[in-house]
Amino acid sequence: MAFEGLSERLQKVFSSLKGKGKLSEDDVRAVMREVRMALLEADVNFDVVKGFVKQVRERALGSEVMDSLTPSQQVIKIVDDELTKLMGEEAVPLNKAPHIPTIIMMVGLQGAGKTTTAGKLAKYLMANDKARPMFIAGDVYRPAAIEQLKVVGEQVGAPVYDEGTDKDPVDIVRNGLKQAEENKNDYVIIDTAGRLEIDDKLMDELARIKELAHPNEILFVADAMTGQVAAKVAHGFDEQLDITGVVLTKLDGDTRGGAALSIRSVTGKPIKFIGQGEKLDQLDVFHPDRMADRILG
Ligand code: GDP
């Protein structure tokens, strides 16, 4: 389950506080050392941990806690608040175009879950916004990727525009958008190629697709299992493409939480959705406050 390790660690730290009356500065410092260790073990980015601990420590040493009759609860509340802030405070909805179609471009490393998430997103939009989405198969390097998108399209009941693997993806996207306009699709979801790591050729191709399509959303799909590396890669994609949001996948298998807790702070971009399983209905809107509550148990 997501955050299991971090959750357990933090609950243990805070249980040592419970029942204590007034806290001394030493108590607060000792707790913060434990929180710091727990976050680093959860694979949260070092600078993010540093900033977080500083913020919590300052508040915890303030009158809000020191003069309180229930100081341990106050400390937990502050950690809860600050975890929520770290993940972006509030759920951020998808951008919508003023005129149809809204264009969503999925980007990310190979295997992160782009194609699966494209399908999940279409299903979500069809259920919640009565959408008539169309996919464009922009990953021309792997025939299997196009096949996979077609399977996903069939499963959710949305058309897939593809021109096989011999064309420039920018041309495919241009033609796909024309088709979407003719068919009056209200959403177009562009699946793009990924590599095992960031490279110039891929970034150049994605930049050209962006320039042509003017997407309303560029969603970076991040594999939560890769921890703070996901945040680093997100930062790389953001520098090149100015992403609009993040979808964090495989949260069902991530017991640590480093990606979820680092990405917002490292990129400044919101996590909009989380993937919690391979099935196409396992996509949820990301609520930072609920996630913080889940971590603190
Ligand atoms: P792409 O290369 O980025 O298009 O990645 P895929 O969509 O092909 O996904 C790679 C693998 O991750 C597939 O086996 C998916 O079923 C799996 N996957 C995607 N999202 C999730 C998720 O939220 N949870 C789990 N457990 N698996 C996922």
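Being a predicted model, the structure only gives us computed values, none of them experimental.

(A) Representation of the overall build of the protein within the structure. Scanning the protein for helices and strands turns up twelve helices and eight strands. Rg of the C-alpha trace for the protein: 21 Å, near the compact-globule value of 19 Å for 297 residues, within the 12% margin. Here the protein, with 297 residues, has 53% of them falling under the buried criterion. Contacts spanning at least 24 positions in sequence make up 77% of the contacts within the protein whose residues lie at least 6 apart. If you sum the accessible surface of the protein, you get close to 13,700 Å²; carbon and sulfur atoms cover 48% of it. Here the protein contributes 39 positive and 48 negative side-chain charges, whose respective centroids are spaced 2 Å apart.

(B) Local environment of the environment of isoleucine 76. Note on placement: isoleucine 76 falls in helix α5 (residues 71-86). For the pair isoleucine 76 and leucine 10, spaced 66 residues apart in sequence, the C-alpha separation works out to 9.5 Å. In this structure isoleucine 76 touches Phe14, Lys18 and Leu296, once residues within four positions along its chain are discounted.

(C) Layout of the packing of aromatic side chains. Under the criterion given, the structure shown has two aromatic pairs. Relative to phenylalanine 273, the ring of tyrosine 124 lies with its centre 5.1 Å away and its plane at 75°, an arrangement referred to as edge-to-face. With tyrosine 124 in helix α6 (residues 114-129) and phenylalanine 273 in strand β7 (residues 271-275), this residue pair connects regions lying 149 residues apart in the sequence. Given the relative accessible area of 4%, phenylalanine 273 is considered buried. Their ring planes at 45° and their centres at 4.9 Å tell us that phenylalanine 220 and phenylalanine 237 sit as a pair that is tilted.

(D) Quick look at the pattern of salt bridges. Counted according to the given criterion, the structure contains 22 salt bridges. For glutamate 147, the salt bridge identified is with lysine 150, shortest N-O distance 3.9 Å. Here the residue glutamate 147 and the residue lysine 150 both occupy positions in helix α7 (residues 143-156), the gap between them amounting to three residues, near one helical turn. A relative accessible area of 45% means that glutamate 147 is categorised as partly exposed. Residue class for lysine 150 comes out partly exposed when judged on its relative accessible area of 32%. Of the charged contacts, one joins aspartate 199 and arginine 195 as a salt bridge, the two residues approaching to 2.9 Å between their closest N and O atoms.

(E) Representation of the sheet that holds strand β3 (residues 160-161). If you trace the eight strands from one edge of the open sheet to the other, you get β3-β2-β4-β1-β5-β6-β7-β8, paired in mixed fashion. Of all the strands in the sheet, the pair left with one neighbour each is β3 and β8 (283-285). Strand direction decides the pairing type here: strand β2 (residues 133-138) and β3, joined by two bridges, are parallel. Within β3, the position partnered with phenylalanine 135 by the bridge is valine 160.

(F) Representation of helix α12 (residues 288-296). All of the buried residues in α12 are Pro288, Met291, Ala292, Ile295 and Leu296. In an axial view of α12, the angular spread of the buried residues amounts to 130°, which keeps them on one side of the axis. Buried residues in α12 make contact with α1 (4-15), α5, α11 (258-267) and β7. Residue glycine 297 follows α12 closely and has a positive phi angle near 70°.

(G) Summary view of a negative patch on the surface. A surface patch of like charges, here negative, comprises Glu89, Glu90, Asp289 and Asp293. Topologically, glutamate 90 is positioned in the loop between α5 and β1 (102-107).

(H) Spotlight on the environment of valine 48. Position of valine 48 among the secondary structure elements: in helix α3 (residues 46-60). Overall, valine 48 belongs to the buried group, its relative accessible area being 6%. Taking the C-alpha atoms as reference, valine 48 lies 8.2 Å from leucine 261; in sequence the two are 213 residues apart. Once you skip the residues sitting within four places of it in the chain, valine 48 turns out to touch Leu86, Leu261, Ser262, Ser265 and Val266.

(I) Here's a closer look at helix α8 (residues 169-183). In this model, α8 (15 residues) spans 21 Å end to end at C-alpha, consistent with the 21 Å of a helix rising 1.5 Å per residue. Listed in full, the buried residues belonging to α8 are Pro169, Val170, Ile172, Val173, Gly176, Leu177 and Ala180. All buried residues of α8 project into a common sector of 150° when viewed along the axis, lining one side. Turned more than 90 degrees off the buried face of α8, the exposed positions are Glu181 and Glu182. Residues of α8 that are buried sit in contact with β1, β2, β3, β4 (187-192) and α9 (200-213). Structurally, the start of α8 carries an N-cap: the backbone nitrogen of valine 170 is 2.9 Å from a side-chain oxygen of aspartate 168.

(J) How the structure looks around the packing of α1 against α12. Here α1 crosses α12 at 65°, and the two axes come no closer than 7 Å. Relative to α12, the element α1 is oriented roughly perpendicular. Contacts between α1 and α12 involve Leu6, Ser7, Leu10, Gln11 and Phe14 from the former and Arg294, Ile295 and Leu296 from the latter. Looking at the contact of α1 with α12 residue by residue, the classes come out as five nonpolar, two polar and one charged.

Reading the values: rules and limits
Residues numbered from 1 in each chain as written. Predicted model: local features only at pLDDT ≥ 70, side-chain atom pairs only at ≥ 80, totals over all residues. Heavy atoms only, no water. Helix = DSSP H or I, 4+ residues; strand = E, 2+ residues; numbered from the N terminus. Rg over C-alpha atoms; globule rule 2.2 N^0.38 Å. Buried < 20%, exposed > 50% of the residue type's maximum accessible area, 1.4 Å probe, protein only. Contact = heavy atoms within 4.5 Å. Areas by Shrake-Rupley, 256 points an atom, 1.4 Å probe, with all protein chains shown as cover. Lys, Arg positive; Asp, Glu negative; His and termini not counted. Charge placed at Lys NZ, Arg CZ, Asp CG, Glu CD. Phe/Tyr/Trp six-rings, centres within 6.5 Å; stacked < 30°, edge-to-face > 60°. Salt bridge = Lys/Arg side-chain N within 4 Å of Asp/Glu carboxyl O. Pairing = 2+ DSSP bridges. Arc of directions from axis to C-beta. Patch = residues over 30% accessible without salt bridge, like charges linked within 9 Å, V, L, I, M, F, W, Y side chains within 5 Å. Expected span 1.5 Å × (residues − 1). Polar contact = N/O pair within 3.5 Å; in protein donor to acceptor, adjacent residues only side chain to side chain. Axes fitted to C-alpha atoms, helices over the stretch in contact; angles between N-to-C directions. Parallel < 35°, antiparallel > 145°, perpendicular 65-115°, else oblique. Nonpolar A, V, L, I, M, F, W, Y, C, P; charged D, E, K, R; others polar.

So, to be careful, I would describe these as geometric facts and stop short of saying anything about function.
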